[in-house]
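Observations on the model geometry
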Amino acid sequence: MTIMQSTTSTTSAYEEYAAAAWPNLYRVAYLLSGAHADAEDLAQQALVKVFRNWGRVSASDSPDAYVRRILTNTYLSSRRPLRLQREVITDRLPDTVVEPGTAAREQRLLLWPHVQALPPRQRAVVVLRYYEDLSEQQIADTLGCSTGTVKSNAHKALNTLRASLSESPADGKEA
Amino acid sequence: MGEMMQIEEIENMLRGELDEVAGSLRVPAQPASPGEAPQRPHRWVVPVAVAAAVVLVLGGITLALNHSSHRTPQPTTIPKSLPQVPFVVGRTLYVDGKSMPGKWALAASAHDTWVAVRPHDWTWGVGRTVHRLPDLAHDTMPVVSSDGAVLAYARKAGGVRVLSTSTGRTLGTWHVKLGNQESSNAFMLSAVTSPQVRVLLIGGSGGKVWSLDGGSVHRLSTNRMPLWSTPAGVVFSDNGLKYHLGTIDDAGHVHLTTLVPRADLAALSADDWSLRGASMKLAGPRKDRDRVATVLNLLKLGTSHQVQLKLPSGWGASSSNWEAPGRIIIDGVPLGHAKVKVSQHRLIRCVVSLKRCAVVGG
């Protein structure tokens, strides 16, 4: 078989894109998964899928939107924690370094712990809406659902977060 | 926090906290790219290897013309005709020396058979007749035998369907579980051979072969990955480090024959020239900046005979294909233009005997 498009430059084009996209992909993956190891797995899984479909991704009107869709749907389709699905025995030490102070900094945040407790789809809507600044229509396109479903999920998430805050001890945040 | 906050306050807090969490992350180094050979086994080795193999399928150019085809007389000048084999320049698909209506992003071909994609619409054809592939599984790539006679693809409903491209009829369906892409044991369609129709899968620790005639399924006798089929045999990858041509029988026995050059940018012509891009330069619009070859290095397999073809000044090759023995067509992209559009792509043709390339389109 002869593949005509993406012959002399497929790999390099992908590598260039992946290198540029990796930091934000990792950050969004972390906001979705809440754990460094899962975020790394999730982002890398997304990149593998992007690589497999590079022709389609690069030809799309918005490669970033395509990749965001892959990442979010990979997150939503993982019914078990990614870490459990991926765990294999290895002689390597973990290579993910947590920046000192990250955990402490996160503990001072009011909403973040409750965001992590949201159901996956609500959490995805929250991350896409309030971190990625996407419109309801863009979120619907990303998740493959209607804008009504996006609104509904956002509404539930915000109400849950508001209720969680009202139940939080007042001195729990400023320690 | 006893009082209920307004939704707007929650929204503002969310924006601030999500930004703070994301901004405070120390982003780890990107794991080995699927395009790179891993230095040592690690937890990504299986999906990465599979993906690498797939891109080799995407990136490889194999024998476009039958090995036994008669030799085409070599021109004394560079022909200016439109592509004589299915080919995409920019977004225009040329078939039978004419453009097809619509915009096309990707295509594969063997003889007159081609596979191409319009946005969200995979199609195949023989000549100018277009057939859709509505039941193609999401995120999968159809494969065509090197003689163009057989097309295979993963179905949404599961399994692999094998079609005759001359009749459009189903020759058989392999009810095999390909696995989802999250699985490290996923198998993926890599090649189909003809006239002995065998479907090859890659994944896990090697590959599987299904023989249409006998209906038998066997694991391959080697853990080398079958990448694609050519009239000279199947190309196998040795962990992305070496590439071999080989033959395969119904029982899955692999017999390796010729060592072929690194295949990620390579192409084999009908007369055993391998082709590889070199002197890469940046091209394309800023958001889709791409490294493209400005030189093509050709090596006659099994010999030390080499030819270097330089593209016309100011042009790079975003893709290429053998049009005939000794003749290469290129989807040419202008270099150094930050706002280049696909409409600025031009057909470039190289004639090996002349050691020369020229812009011939538009």
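Reference entry: report on the structure contained in this document. (Residues numbered from 1 in each chain as written. Chains lettered and ligands numbered in written order. Predicted model: local features only at pLDDT ≥ 70, side-chain atom pairs only at ≥ 80, totals over all residues. Heavy atoms only, no water.)

**Thoughts on the overall build of chain A**
Just so we agree on the cut-off: We count a stretch as a helix when DSSP gives it H or I for four or more residues in a row; a strand needs E for two or more, and each element gets its number in order from the N terminus. Buried, partly exposed and exposed residues are distinguished by accessible area as a fraction of the type maximum, computed with a 1.4 Å probe on protein chains only: under 20%, between the cut-offs, and over 50%, respectively. Here a residue-residue contact requires only that any non-hydrogen atoms of the pair lie within 4.5 Å. All accessible areas in this document rest on Shrake-Rupley with a 1.4 Å probe, and a residue is counted as covered only by the protein chains that are shown.
The secondary structure content of chain A amounts to ten helices and one strand. Helices and strands appear in chain A in the N-to-C order β-α-α-α-α-α-α-α-α-α-α. Residues classed as buried in chain A amount to 54% of the 175 residues present. Residue pairs in contact within chain A that sit at least 24 positions apart in sequence constitute 67% of those at least 6 positions apart. For chain A, the computed accessible surface area is about 7400 Å², with 51% contributed by carbon and sulfur atoms.

**Quick word on the environment of B:W322**
If you trace the backbone, B:W322 turns up in strand β24 (residues 315-324). Each C-alpha atom of the pair B:W322 and B:F87 lies 9.9 Å from the other, and the pair is 235 residues apart in sequence.

**Quick word on the nonpolar core**
Convention followed: Remark: nonpolar core denotes a set of buried residues (Ala, Val, Leu, Ile, Met, Phe, Trp, Tyr, Cys) joined through side-chain atoms within 4.5 Å.
Core analysis: the largest hydrophobic core is formed by 58 residues, its most contacted members being A:L31, A:L32, A:L71, A:W112, B:I10, B:L14 and B:L18. A total of 13 residues in this core trace back to one element, the largest contributor, which is helix α1 (residues 10-33) of chain A. Sequence-distant contacts of B:L18, that is, excluding residues within four places in its chain, are made with A:L31, A:W112, A:V126, A:V127, A:Y130 and A:Y131. Formed by 18 residues, the second largest nonpolar core is a distinct cluster that contains B:A137, B:A154, B:W174 and B:L178.

**Some remarks on the sheet that holds strand β1 (residues 87-89) of chain B**
All names here are of chain B. What counts here: At least two bridges found by DSSP between two strands is the condition for calling them paired.
Spatial ordering of the open sheet is given by β1-β2-β3, a layout of three strands whose pairing is antiparallel. Of all strands in the sheet, those with a lone pairing partner are β1 and β3 (98-99), marking the two edges. Pairing of β1 with strand β2 (residues 92-95), which is carried by three bridges, proceeds in the antiparallel orientation. Counterpart to V89 in the pairing with β2 is T92.

**Brief notes about the pattern of salt bridges**
Residues and elements named next belong to chain B. Put simply, the test is: Here, a salt bridge means any side-chain nitrogen of Lys or Arg that lies within 4 Å of a carboxyl oxygen of Asp or Glu.
One pass over the full model with this rule turns up eight salt bridges over all chains. With a shortest N-O distance of 2.9 Å, R132 and D121 are connected by a salt bridge. In this pair, R132 is assigned in strand β7 (residues 129-132) and D121 in strand β6 (residues 121-126), connecting sequence segments eleven residues apart. Accessibility expressed as a relative area gives 51% for R132, which makes it exposed.

**Regarding the sheet that holds strand β14 (residues 206-211) of chain B**
All names here are of chain B. The cut-off we apply is this: Lines fitted to C-alpha atoms define the axes here, with helix axes fitted over just the stretch in contact, and angles between the N-to-C directions of these axes take values from 0 to 180 degrees.
The strand order across the open sheet built from four strands is β12-β13-β14-β15, with neighbouring strands paired in antiparallel fashion. Two strands lie at the open edges of the sheet, namely β12 (187-193) and β15 (217-219), each paired on one side alone. On average, each strand axis in the sheet is tilted by 25° relative to the strand beside it, whichever way the strands run. Note: β12 against strand β13 (residues 198-203), six bridges, orientation antiparallel. Within β13, the position partnered with F187 by the bridge is G203.

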